[in-house]
Every structure is written in C-alpha cells, then in structure tokens.
Amino acid sequence: MSFILVGGLTKHYGTTTALKGIDLEVQEGEWVCIMGPSGSGKSTLLNLIGGLDRATGGRVAIDGVEINALSEDSLSRFRREIMGFIFQQSHFIPYLSAAENVMLAQYFHSICDEEEAREVLTQLGLGDRLHHRPSQLSGGEQQRVCIARAIINNPKLLLADEPTGNLDRENTILTLETLKELHKAGQFTILLVTHDPFVAKWAQRVVTIEDGRIVRDELNT
Amino acid sequence: MKKSRWFALFLKKAVMERMGRIVFAAAAITVATTLSVVLFAVPAGISERLGEELKAYGANLVVVPLNESSYINENELLNIHKGPVDSFFYQLYGQANLDKGVVEIVGVDFSQAKQAAMGWKIHGRWPVHSEEILAGAAIKEIIGGMEKVGLSWEGRKKEFKVAGFLETGGREDKNIFLDIKEAQGILNLHGKVSAVFLRAKRENLETVSKEIERSMPSVKVKTLQEVARAEEIFLKRIQFLMAFVTFVVLCGAIVSVSSTMMTTTIERRREIALMKALGGTRLIIGLFFIAEAVLTGIAGGIAGFPLGVLLSQMIAKSSFGSFISVSAYLFFLSIAVGMMIAIAGSIIPVKGALRLDPAIVLRGE
C-alpha cells in the first residue's frame, strides 16, 4: 500500500482552479520532488497533502488515513504525529530562541526535551546558536532551525515547500546535504516542492506539475 | 522540561514582547475593577456604619412633645413601663454656662442610660451619684481634662466631678450629661423631660408607638428606623447609580480588551498559523492567548483593589463624613472581575484568530 495516495484531487479558489484532478502515489521512504513553474499548483498540492488546506474534491490518504474525513483538530493531531514542515519563508515565534522554537514542536507533540532539541540543533551545526533569536540568525541558519523543528518528533513524512527558495547556492547545498543525510538516517518520506532544477536533482523522483496537472513523473538517475 | 514550565516560559516571553499593549489593556481593566471595588465597598461600609450608629442610639423609638417648645410630664411616662418595651431612658435638654461659654446640658437617668445606650463609648466610668457628670469628647478639649467643672445658671454655680468622657461621634460629644434631677433643678423644670428614647422589638414597634400616642395625646412617637430606612433607600439609589456606571465601565473595559486582543491576534496571525501547522489544536493555541488575557486581568485586578479602596474612602469621607471598613474579600473580587473582563474581551478575537487558514497565512497572503 502506498504511503501517500492522492486520487482525483481538485482545488478551486473561487473561479480559479489550482488543481485539476491529481493522481499520485508515494511509497514510504521515497524522496519526491514536485516541480513546476510559479502558479502551477505545486504548493497547493503540498498544503492539501499536509492537511493545511482542504481539497474541493478527490482524496488524500496518508499512512492509510483519509485526511479529508478528519476534523480540524483531529487533523492537527494527525499532523503533529506524522508530519514535519519546512517552509520557504522561515516562520518562527520571533521572541523564542532557536532551541525554544524547536521545543514548540515538541510541546504540541508530546514532551519538551531541551536536551534533545539542543542535540538536534548541534548536529545541524547550530550548537553555538541555541539561545539566539531567529532574527539573530542568517538565512541558512534559520532554515536549519526549521529542519531541526521539522524532524524533532521523528516524523514519517517531511513536507518542504521551497526550502531553499530564499538561500544562496552555498546554503542551498548545505540544506540539501542536511536533508540527504537525515533522509538516509531517518527513513522518512520527503515531499519537496521547488521550481529549481538544481534542487530537484537531489530527489529520487521528480513529479512535474503544470497548470494544475501532472505532466511528468520520472525517476532521477 | 515539564510542559507546564515550558508553557509558563512561553507565556512570560509573549507577555514581555507585548508589554505596552498589555499595560494598556490592564489599565482599562484597572478602571473597571476599581469601580467594582467601590460598588461593593461603599454600600457595605455605609450599611455597616449605619448599623453602628443605630446601635449607638440603643433606641429605635423616640417620644417627643407634640409642641416642640413644651415638655413631657415625667409621671405620664409610667404608662410606657407597662408596654412591651425592652429599655428606655429620659433626656431633658437645656443650657448652662461653663467657665468658657454656654454649653448644652442633657439630664439623664444614668442607670437607665447605662442599660439602654449600649453603643455609648465611655472613657472613664459612668457617674454613680448626682454630683458626677459625663462630658462629651469635645468638651474635654474645652475643659482640658480637669477633674471638676463648674456650671452656672441664673446667678448660681455648682461644681460637678467629671466621672468620664462620652464619645459617640455625634452631637452628644458637645454636651454635658448630668443626673436628670440636677438638670431639672438647674433648668427649673421639675418633673419634666424633653424626650424619651425607647427600645422595643422590631415587630412591636408599631404597637408600642400607637399605644403611647393613644395613652399620651400630647406626645408624638418617631421611629428612628424610619431615618435608617430613608438612608437605606438613599444608599440603594447610590448603589444603583454606581452599578450602572460600573456596568458601563465594565462594558468599556471589555471592548478595550477586545480591541487590544484583536490587534494582538492580527499581529500574531503567523504565530497562530505556525502553531496550527506544527499540530497545535485550537484548544491548546487558544489557551496561550486566554492565559495571557487572564494574566492581564489579574494585573488589572491587583492594581484596581487599592485604587478602589482609596476611592471608596474618599467617597465615604466626602459623602458621609467618615471612613469605612473594606472587607479583604474584595481583593479577590477585584481579581475575579479583572479575569472575567479579560476572558470576556478575549473570546471573540481569539475564536476568530483560531479560524484562520494556516496555508494562506504561511504563504504570506
């Protein structure tokens, strides 16, 4: 059984149709890149799979759970158990330190383990930035804090929406290397949205969307 | 780290981050809690004081002549003794000369007064014979604490020993109380009294009044309770007015907190969206905001209590001429009112904020 199963997924925003019947299957442990030009519907697809948005039609099942059938709070609980998010813009609680921002995800999930948060941040090269506020960190450092927060609860699914969109090439490579290492070690599934072919090369499989439809689905060799 | 400790840490940082707004909201709550304390403290304090004054009277009926310039014959008063009266004492009013000017003298039967005027505060002791007097507290200042005072009238003079000083906080403090027979002699009103103060059971007041007026056609009976009732009505009107003002201020404070919370939640939309994306349920996220509001309410309540007490005392002193005692439970009431305002003002903005769509907010739209 596929870990992610998307069938006939549609999404309308008023008179605009963002997704026009998407069918997609992702196996557990895969790193899939969703590529496409701006406005193609790739972020919408990611938000629907992550349960951050509701579909107009079709189905999304993750690990056997039909997420469209879940209530808002059940969906929140499901999200914190199964998923980790990395956003393009580094969304943080601005008055909390890097470690505390990571602990926020722990707080919603189960327990607040400061030691574990510190360990993960140190693994990602932020051992000396634990008590810095997000505004005191560089773009690359902020993105690594986002990664730490996304993986702190050992999610089965990592959803990344343009995680390198605001980074220079050096930090992009650093972020992708980090994800690659974590993917190898963590056995989690990665669904990464990008419009950058360089980023897409790091994935095992690339799904290309144009105008709300999947136009290509190919393995990276 | 325990979740509760982390929650407290988060709350502390969130509060510190928006201290200006929180102080503004707390100030609005403080105004409302101040008035709430006044609303409860002033009527309660005044009622208590009224009760004390009535108790000081010791009497709830007073018999006076129909014609204010005449007197009641002492022998007519024998009828009163037969009725259902708990206690009574006569008073005869007049004037005499003290060394330093004219003074109001009051003739009383000290044995009756001792029994009936329970609230009289005596510094010293009660007179035990007709050569001794009680001087009002204000007289003490005139005579300078002398052991003996000389009263003169119509070219005659007599010295009396001061057994004690009387303090009631009322007009009695300016009088000299002496044995009724001595007063009748000085005023040349033998067998006459100016008024009789009676204490009867509340349920017997009307019967006793009617019986006295029937048997003594030349007198009228006043119920001191009527005075108290009039004051109670006055007090209730003030209470109603204050309740109305407090209600308006409470509503104002709720609106103020609500608009502050509205601004805060708009500012923090990304935080809320992020928390939702990280798996926070509406209840858990809502608790962060409600806890922040509750803290603001507690701060407003704590600040409102001393201000309320101060304002209550100012009102009591200026309107009723005396300070009042304020119950400590009003401190908790103040905090409870503060919390109530904060929660009431936060519910709608927080509920609205929790409905936001995280995908849209996190996209930056």
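Whatever comes next refers back to the structure up there.
Draft legend 1. Quick look at the overall build of chain B. Counting its regular elements, chain B contains twelve helices and twelve strands. Of all intrachain contacts in chain B linking residues separated by at least 6 positions in sequence, the fraction that spans at least 24 positions is 80%.

Draft legend 2. Seen up close, the nonpolar core. In terms of nonpolar packing, the biggest core is built from 106 residues, with Ile49, Ile62, Leu157 and Leu191 of chain A touching the most fellow members. Beyond its immediate stretch of four places on either side in the chain, Leu157 of chain A contacts Phe3, Ile4, Ile49, Ile62, Ile82, Met83, Gly84, Phe188, Thr189 and Leu191 of chain A. Within the second largest apolar cluster, 39 residues are counted, among which are Leu61, Ile133, Leu151 and Val221 of chain B.

Draft legend 3. Highlighting empty space enclosed by the protein. By the definition in use, this model includes two cavities of 30 Å³ or more. Taken as a whole, the largest cavity holds about 110 Å³ of empty space. Elements with a minimum of two residues in the lining of the largest cavity: α2 (19–57), α8 (224–267) and α10 (282–320) of chain B. Put simply, the second largest cavity is a space of about 90 Å³. The wall of the second largest cavity is formed by Arg79, Arg80, Met83, Gly84, Phe85, Ala105, Arg149, Ala150 and Asn153 of chain A together with Ala277 and Leu278 of chain B. Broken down by secondary-structure element, the contributors of at least two residues to the lining of the second largest cavity are α2 (72–82), β6 (83–86) and α5 (139–151) of chain A. In terms of residue count, the dominant contributor to the lining of the second largest cavity is β6 of chain A (three residues).

Draft legend 4. Region of interest: the packing of aromatic side chains. Per the stated rule, a full pass over the model turns up 14 aromatic pairs over all chains. Ring centres 6.4 Å apart and planes at 70° place the aromatic pair Phe198 of chain A and Trp202 of chain A in the edge-to-face group. Exposure remark for Phe198 of chain A: the relative accessible area of 26% places this residue in the partly exposed category. With a centroid separation of 5.4 Å and an interplanar angle of 75°, the aromatic rings of Phe331 of chain B and Phe332 of chain B are classed as edge-to-face. For Phe332 of chain B, a relative accessible area of 58% translates into the label exposed. Of the aromatic side chains, those joined through ring pairs into one cluster are Tyr95, Tyr107 and Phe108 of chain A together with Trp6, Phe7, Phe10 and Phe288 of chain B.

Draft legend 5. Representation of the side chain of Lys42 of chain A. Structurally, Lys42 of chain A is set in helix α1 (residues 42–49). There is a polar contact of 3.2 Å between the side chain of Lys42 of chain A and the backbone oxygen of Gly36 of chain A.

Draft legend 6. Quick peek at the sheet that holds strand β4 (residues 57–62) of chain A. Residues and elements named next belong to chain A. Strand order across the open sheet formed by four strands is β2-β1-β4-β5, with antiparallel pairing between neighbours. Either end of the sheet is taken by a strand with one partner, and the two such strands are β2 (16–26) and β5 (65–66). The sheet contact formed by β4 and β5 spans two bridges and is antiparallel. Bridged to Ile62 within β5 is Val65. Here α1 sits on the sheet and contacts β1 (4–13), β2 and β4; the angle it forms with β1, its principal contact strand, is near 120°.

Draft legend 7. Broad picture of unusual backbone geometry. The backbone of Glu162 of chain A sits at a positive phi, close to 45°, despite the residue not being glycine. Mapping Glu162 of chain A onto the fold places it in the loop between β7 (157–161) and α6 (169–186). The exposure class of Glu162 of chain A is buried, given its relative accessible area of 8%. For Glu154 of chain B, which is not glycine, the phi torsion reads 40° and is therefore positive. Residue placement: Glu154 of chain B occurs in the loop between β7 (148–153) and β8 (156–167).

Draft legend 8. Fine view of the interface of chain B and chain A. Each partner contributes to the interface: chain B provides 32 residues, whereas chain A provides 32 residues. Roughly 3100 Å² of surface becomes buried between chain B and chain A when both sides are summed, with 60% attributable to carbon and sulfur atoms. Linking chain B to chain A there are five salt bridges. Linking Arg133 of chain A and Glu17 of chain B is a salt bridge whose minimum nitrogen-to-oxygen distance equals 3.5 Å. Our count for the contact surface shared by chain B and chain A stands at 14 residue pairs in polar contact (both at pLDDT 80 or more).

Draft legend 9. The arrangement of the pattern of salt bridges in detail. Across all of its chains, the model carries 27 salt bridges over all chains by this definition. Among the salt bridges present, the one from Lys11 of chain A reaches Asp53 of chain A, with a minimum N-O distance of 3.5 Å. With Lys11 of chain A in strand β1 and Asp53 of chain A in the loop between α1 and β4, this pair connects stretches of sequence that are 42 residues apart. The pair Lys11 of chain A / Asp53 of chain A is uniform in exposure class, with both members buried. Residue Arg129 of chain A pairs with Glu141 of chain A through a salt bridge whose shortest N-O separation is 3.1 Å. One end of the pair, Arg129 of chain A, is in the loop between α4 (114–123) and α5; the other, Glu141 of chain A, is in helix α5, and twelve residues separate them in sequence. By relative accessible area, Glu141 of chain A is classed as buried at 14%. Residues joined by salt bridges that share partners form a network here, namely Glu72 and Asp73 of chain A together with Lys276 and Arg282 of chain B.

Draft legend 10. Seen up close, helix α9 (residues 269–277) of chain B. Within α9 of chain B, seven of the nine residues are buried, leaving the element largely enclosed by the surrounding structure. Gly279 of chain B lies just past α9 of chain B and shows a positive phi near 105°.

Draft legend 11. Structural view of the packing of helix α3 (residues 98–109) of chain A against α4 of chain A. Residue and element names in this part refer to chain A. In contact at an axis separation of 9 Å, α3 and α4 are set at 120° when each is read in the N-to-C sense. The angle between α3 and α4 places the two elements in the oblique class. For the element pair α3 and α4, the recorded crossing hand is right-handed. Contact residues: α3 offers Ala98, Ala99, Val102, Met103 and Gln106, while α4 offers Glu114, Glu116, Ala117 and Leu121. Of the residues in the contact of α3 with α4, the class split is six nonpolar, one polar and two charged.

Draft legend 12. Looking closely at the sheet that holds strand β8 (residues 189–194) of chain A. Residue and element names in this part refer to chain A. Strands sit in the order β6-β7-β8-β3-β9-β10 across an open sheet of six strands; the sheet is mixed. Every other strand in the sheet has two partners, leaving β6 and β10 (213–219) as the edge strands with one partner each. Neighbour to neighbour, the strand axes of the sheet diverge by 15° on average, direction disregarded. Sheet topology note: the strand β9 (residues 205–210)/β10 ladder contains six bridges and is antiparallel. Residue pairing across strands places Val206 opposite Glu218, the latter belonging to β10.

Draft legend 13. Spotlight on the pairing of strand β6 (residues 132–136) of chain B. All names here are of chain B. By the criterion of burial, β6 is predominantly enclosed, with five of the five residues buried. Burial along β6 is two-sided: Glu132, Leu134 and Gly136 facing one way and Ile133 and Ala135 facing the other are all buried. Where β6 and strand β9 (residues 175–179) come together, three bridges link them in antiparallel fashion. Residue Leu134 lies in a different strand from β9, and its bridge partner there is Phe177.

The rules behind each value
- Residues numbered from 1 in each chain as written.
- Chains lettered and ligands numbered in written order.
- Predicted model: local features only at pLDDT ≥ 70, side-chain atom pairs only at ≥ 80, totals over all residues.
- Heavy atoms only, no water.
- Helix = DSSP H or I, 4+ residues; strand = E, 2+ residues; numbered from the N terminus.
- Contact = heavy atoms within 4.5 Å.
- Core = buried A, V, L, I, M, F, W, Y, C linked by side-chain atoms within 4.5 Å.
- Buried < 20%, exposed > 50% of the residue type's maximum accessible area, 1.4 Å probe, protein only.
- 1 Å grid on protein atoms, 1.4 Å probe; cavity = no way out; pocket = protein on both sides within 12 Å on 5 of 7 lines; lining within 4 Å.
- Points joined across faces, edges and corners; volume = space filled by probe spheres on them.
- Phe/Tyr/Trp six-rings, centres within 6.5 Å; stacked < 30°, edge-to-face > 60°.
- Polar contact = N/O pair within 3.5 Å; in protein donor to acceptor, adjacent residues only side chain to side chain.
- Pairing = 2+ DSSP bridges.
- Axes fitted to C-alpha atoms, helices over the stretch in contact; angles between N-to-C directions.
- Buried area = accessible area lost by both parts, 1.4 Å probe.
- Salt bridge = Lys/Arg side-chain N within 4 Å of Asp/Glu carboxyl O.
- Parallel < 35°, antiparallel > 145°, perpendicular 65-115°, else oblique.
- Left-handed = near helix turned anticlockwise from the far one by under 90°.
- Nonpolar A, V, L, I, M, F, W, Y, C, P; charged D, E, K, R; others polar.

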